[in-house]
Amino acid sequence: MHEAAGGKLNRTIRALQLETEIRTDPERRAGQFVERWKKLDQQRQRQYSDGDYSGYKATRVQMGNMARSLERDPQLESLLATRKKELGISTETGRSLGRELARSHGIDFDRSLGLGL
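First things first, this report covers the structure right here in the doc. What you see is a predicted model, and the numbers here were worked out from it, not measured in a lab.

**Quick word on the overall build of the protein**
The number of helices and strands found in the protein is seven helices and zero strands. Classification of the 117 residues of the protein by burial places 31% in the buried group. Excluding contacts between residues fewer than 6 apart, the proportion of contacts in the protein whose partners are at least 24 apart in sequence is 51%. With the model as given, the accessible surface of the protein reaches about 7,900 Å², and the carbon-plus-sulfur share is 51%.

Okay, here's the thing in structure tokens:
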């Protein structure tokens, strides 16, 4: 933003182009989802082992929101179905991918609703 305000538009334009590419390319969106999920999972584990329970809970909320977002994006959910191992899912439960993701990482939709988890 600062660069755009200063008249340096090239980087701003490139950032907007990249954002559009990611939004419109399903494979890139899936890759970005996996990358962010793995990063949050590592962060969650580190926070727990460090005793940072408020950070741990906040990270779990972010992961739960990501898992829930798959219910509104069937195309992304379908693409991620082939990448379960990368997401830390080792078994097939018959649930939707979002619910399976949440369950496998200790984030249960049913219990977390209204509890702030």
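**Some thoughts on the pattern of salt bridges**
For the structure on display, the rule yields five salt bridges. When the shortest N-O distance is used, the salt bridge between Asp 73 and Arg 29 registers 2.6 Å. With Asp 73 in the loop between α4 (53-69) and α5 (74-80) and Arg 29 in helix α3 (residues 26-50), this pair connects stretches of sequence that are 44 residues apart. The exposure classification of Asp 73 matches that of Arg 29, with both residues buried. For the salt bridge of Arg 99 with Glu 71, the shortest nitrogen-to-oxygen distance reads 3.6 Å.

Parameters at a glance
- Residues numbered from 1 in each chain as written.
- Predicted model: local features only at pLDDT ≥ 70, side-chain atom pairs only at ≥ 80, totals over all residues.
- Heavy atoms only, no water.
- Helix = DSSP H or I, 4+ residues; strand = E, 2+ residues; numbered from the N terminus.
- Buried < 20%, exposed > 50% of the residue type's maximum accessible area, 1.4 Å probe, protein only.
- Contact = heavy atoms within 4.5 Å.
- Areas by Shrake-Rupley, 256 points an atom, 1.4 Å probe, with all protein chains shown as cover.
- Salt bridge = Lys/Arg side-chain N within 4 Å of Asp/Glu carboxyl O.

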